[in-house]
Structure formats: C-alpha cells, structure tokens
Amino acid sequence: SVLADQIAAGEVVERPASVVKELVENAIDAHATQIDVLVLESGVQSIRVIDDGDGIADDDVLTAFKRHATSKITSRADLFRVHSLGFRGEALPSIASVADVVLTTSTGTTGTSIHYRGGKLLKQVPAALRQGTDITVTDLFFNTPARLKYLKSPQTELANIVDIVNRLALSYPGVAIRLVHNSKELLRTAGRGDLQQVIAGIYGVQNARKMVAIEGKTADYALSGYVALPELTRASRQYITVLINGRAIKNQQLTKAVIKGYGSKLMVGRYPIAVIALTMDPLLVDVNVHPTKQEVRLSKEPDLAKLISTTITDRLATVNL
Ligand code: ADP
Ligand code: MG
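What you see is a predicted model; the values in this text were computed from it and never measured. In every chain, residue numbers begin from 1 and rise along the written sequence. Labels are handed out in written order, letters beginning with A for the chains and numbers beginning with 1 for the ligands. Since the coordinates come from a predicted model, pLDDT governs what is reported: local features require at least 70, and pairs of side-chain atoms require 80 or more to be given and counted, while whole-chain, interface and lining totals use all residues. Side-chain figures throughout are based on the complete set of non-hydrogen atoms in the structure, without hydrogens or water.

Participant: Let's hear about the environment of Val 296: which residues, and what values?
Facilitator: Within the secondary structure, Val 296 sits in the loop between strand E14 (285-286) and strand E15 (297-298). Judged by relative accessible area, Val 296 falls into the buried class, the value being 9%. Contact criterion: two residues are considered in contact whenever any of their non-hydrogen atoms come within 4.5 Å of each other. Leave out the neighbours within four places in its chain, and Val 296 touches Ile 244, Ile 249, Asn 251, Val 285, Asp 286, Val 287 and Val 289. Only DSSP runs of H or I with at least four residues qualify as helices, and only runs of E with at least two residues qualify as strands; both kinds are numbered from the N terminus onward. Only protein chains enter the calculation, and the probe is 1.4 Å; a residue is then buried if its accessible area is under 20% of its type maximum, exposed if over 50%, and partly exposed in between.

See below:
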C-alpha cells in the first residue's frame, strides 16, 4: 500500500542523498559501466540517474515498484549471502511514494516508461531507449511536508550527495561515475578500475600521489587500499572510507582501528585519508540491520579491527616521513 511505502520511505529515504544512493546502487547492481548523476538544487528540485546497465524487462517494471519485490535474492538463505547492494526491494516503492518518479528502461530490445507520483501509477507506455535505465525523481517529499521541512541547508544536502557519490566511486573504480550539480561537474571517474585515480579525483592529485598502498590478509579477511600520510590530512572522519565486499559501511570500531593504525604519526585532532577495502565471506557480515544497509554486524569485529590497525601500522613503519 502507499501508506506502507511511505512508512518505509521514512527509513530508506531520509534526504536527497538517500535517493541518490539507492538509485546509483541499483545501477551498479544492474552491471552499469557508466552512471551519470544529474542533480538540481541539492536534489530537492530533481535527481536524475542514467545508466547503461541491464535495464528492466517490460513485464517486470510494475513489479519493481512493489514493496519487497527484489530480483536480487530469492530465498531466505540468500539473505545471509548478499552479493548485491540492494536486496530489500524497498527503494523504488519508497521513493515513488514520496516524490514524482519517471523511469524509462530497456533491456535492449523493447522498453517501458513509467510515471508514479505520491505512490500512484499515472502512466505506463512503451518507450524506446538504448539498453539501460534513466530515472528522474522530482518534487521529493512534496506530500510529506514535515520531512521537507527537516532538510538541512542546500549546502549540507549537497555535501551529503557528494559524500555518497564519492564513496560509491571509491567502492567501484571500475564504473565510470559522473556527478553534475546545476550543470557544474563535481566528479568524473574514468571507470578503468584504478582506485588511486579515483582518490586523486576526490582528494586532489597532490594528496593521491602521497598515498601509500596497503595490503593485508588473515584466514577470514583480505584487506587492500590506500592510506595517506598524516601531514597532508585535515578534515574529518568523512575521509575514512571502509568498504566491506564493495559496500561502504559505517562502523565506529573499524574507523577507530584505522585511526589507531596511524599511532603517533597522526597529529592530535587530525584525521587521515584512508580507503580500506575488505573482502570476506558474506556469512561473516550481516548487512540486514538497517534499511539503509550502511550499518553492519560483524561476527569477528575485534579480529578485523586488529588486522586493519596492524596493517596500517606496519606499512607506515616502512615509509619515510
Ligand atoms: P532492491 O535494489 O533492493 O532489489 P529496489 O526497490 O531498489 O530494490 O529495486 C527494485 C528492483 O528494480 C530491483 O530488484 C531491480 O530488479 C530493478 N531495478 C531498479 N533499478 C534498476 C536499474 N537501474 N537497472 C536495472 N534494474 C533495476
Ligand atoms: Mg535497490
């Protein structure tokens, strides 16, 4: 029902950046190699995401807007072995329940264009498009004024969008991602799988050049990434990105482990730039904790924290400051 979708939207769609996150994740799950994110007025006016992914078959388009309809997992067992970014089947119906959504999609042969507003299906017509999906979300929260009122300043909402897209770009260096706000290009990655190049695009070439590659391994986990030397780092915890199986996550203990790894090489009050990509058996991580899927439960968190901090410490010990 529209009401259930709006309730779910309260959790999945907090702000424009949440919409951007869900749409870009869907494009990545659909194997897109190029994703364009076009945003107007911090996403409050419109958010458009264009991808060259698999597209949605004509017969499946309506289903995609039904709650808990996901094409990504089919059994309860899959829930504990999630390989895709999405799996809850909540994003599209949630977004469509609190905004105006036009989605045009094609699997390469035929295509469909569908229009929802406030959870109501207004139109569905055949449409021509090259393979991929083009979705535009306008009038976000038009029917939930309280939510609209609680949005922060346009600068803050835009900063949230930039942060989300940056993290997705860092997570998927093999996908060419472009972010444009009010016709100003804020990010463009090449999609050639070069993480250091993506880091350069986000944190500056100068900083990227001084980042050192790290690598570590235990029986359960593999770690790779880059850390910057403390002297060129200012800013905040925002600059620490921890990825688990390709998903940027929020985890206090692991963030602390990164900082701990720097030891005395990190000046008081400073945060490092670090991109830490962890891979592990999906069974060791539960991503089904919160609708935004940014929080995770880890079965052996202390082991993982130790791997992170010692890998960084050992590597920085070999670098001449
Ligand atoms: P979830 O991602 O959790 O499966 P969503 O509500 O985000 O749920 O999307 C519902 C379904 O719509 C997806 O399972 C997928 O089949 C389809 N879908 C959504 N966006 C895209 C896209 N950009 N390209 C291809 N398929 C998509
Ligand atoms: Mg999704």
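Participant: Pulling in residues and values, what's your account of the domain arrangement of the protein chain?
Facilitator: Throughout the structure description, domain borders are defined by an automatic or database domain assignment. Looking at the assigned domains, one finds that the protein chain contains domain 1 (2-188) and domain 2 (202-317). Listed as interface residues are 24 residues of domain 1 and, on the opposing side, 20 residues of domain 2. Taking both partners together, domain 1 and domain 2 bury about 2,000 Å²; carbon and sulfur atoms supply 55% of that area. Salt bridges are defined by distance alone: a side-chain nitrogen of Lys or Arg within 4 Å of a carboxyl oxygen of Asp or Glu. For the interface between domain 1 and domain 2, the tally reads 0 salt bridges. Any N or O atom pair separated by 3.5 Å or less is treated as a polar contact, with the protein-specific requirement of one donor-capable and one acceptor-capable atom, and with residues adjacent in sequence counted only for side-chain atom pairs. Connecting domain 1 to domain 2 are 3 residue pairs in polar contact (both at pLDDT 80 or more). In short, buried area is how much 1.4 Å probe accessible area vanishes from two parts on joining, totalled over both.

Participant: Quick rundown of the site of ligand 1? Include the residues and the values.
Facilitator: Not every one of the 20 residues close to ligand 1 is listed here, only the nearest: Asn 26, Thr 70, Ser 71, Lys 72 and Gly 89. Leu 92 is positioned such that a nitrogen or oxygen atom in its backbone is 2.8 Å from an oxygen atom of ligand 1. Interatomic distance of 3.4 Å between a side-chain N/O atom of Thr 133 and a nitrogen atom of ligand 1. Contact with the protein chains hides 93% of the accessible area of ligand 1, taken as 530 Å² for the molecule alone. Of all the secondary structure elements, the ones that give two or more residues to the shell around ligand 1 are helix H2 (16-29) and helix H4 (91-97). Each residue receives one of three labels: charged for Asp, Glu, Lys and Arg, nonpolar for Ala, Val, Leu, Ile, Met, Phe, Trp, Tyr, Cys and Pro, and polar for the others, Gly being one of them. Classifying every residue of the shell around ligand 1 gives 9 nonpolar, 7 polar and 4 charged. Residues are labelled near a given molecule or strand when at least one of their non-hydrogen atoms is within 4 Å of it. To measure how exposed things are, a 1.4 Å probe is used in the Shrake-Rupley method; for residues, cover is taken only from the protein chains shown.

Participant: Provide a residue-level description of the sheet that holds strand E8 (residues 184-188), including the pertinent values.
Facilitator: On the basis of which strands lie adjacent, the open sheet formed by 8 strands has the order E5-E4-E3-E6-E2-E1-E7-E8 and mixed pairing. The sheet terminates laterally at strand E5 (120-126) and E8, the two strands that pair on one side only. Neighbour-to-neighbour, the strand axes of the sheet open up by a mean angle of 10 degrees, direction not taken into account. Relative to strand E4 (residues 111-117), strand E3 (residues 100-106) runs antiparallel, the two sharing 7 bridges. Following the sheet pairing, Leu 103 is matched in E4 by Ile 114. Seen against the sheet, helix H6 (residues 154-171) touches strand E1 (34-40), strand E7 (176-181) and E8 and runs at an angle of roughly 170 degrees to E7. Here the rule is simple: two strands pair whenever DSSP picks up at least two bridges between them. Every axis in this analysis is a line fitted to C-alpha atoms, fitted for helices over the stretch in contact. Angles between the N-to-C directions lie between 0 and 180 degrees.

Participant: Talk me through helix H9 (residues 252-262); I want residue IDs and the actual numbers.
Facilitator: Residues spaced three or four apart along an α-helix point in a common direction, a consequence of the helix completing one turn every 3.6 residues. Where H9 is concerned, the buried positions are Leu 254, Thr 255, Ala 257, Val 258, Gly 261 and Tyr 262. Here the buried residues of H9 occupy an arc of 155 degrees about the axis, which is enough to place them on one side. Across H9 from its buried face, at more than 90 degrees, point the exposed residues Gln 252 and Lys 260. Of the surrounding elements, those touching the buried residues of H9 are strand E10 (221-228), strand E11 (240-244), strand E12 (247-249), strand E13 (274-280), E15 and helix H10 (301-317). Its side-chain oxygen 2.9 Å from the backbone nitrogen of Gln 253, Asn 251 forms the N-cap of H9. Gly 263, located one to two residues past H9, shows a positive phi value of around 55 degrees. Note that the arc is computed from the directions linking the helix axis to the C-beta atoms.

Participant: Kindly report on the packing of aromatic side chains, identifying the contributing residues and their values.
Facilitator: Put simply, two rings from Phe, Tyr or Trp (the six-membered ring, in Trp's case) pair if the centres are within 6.5 Å, and we call them stacked under 30 degrees between planes, edge-to-face over 60, tilted for the rest. Summed over the entire model, instances satisfying the criterion amount to 2 aromatic pairs. Measuring from centroid to centroid gives 4.5 Å for Phe 65 and Tyr 116, while their planes differ by 25 degrees, and the two rings are stacked. Of this pair, Phe 65 sits in the loop between helix H3 (61-64) and H4 while Tyr 116 sits in strand E4; the two residues are 51 residues apart in sequence, bridging distant segments of the chain. Each member of the pair Phe 65 and Tyr 116 is classed as buried.

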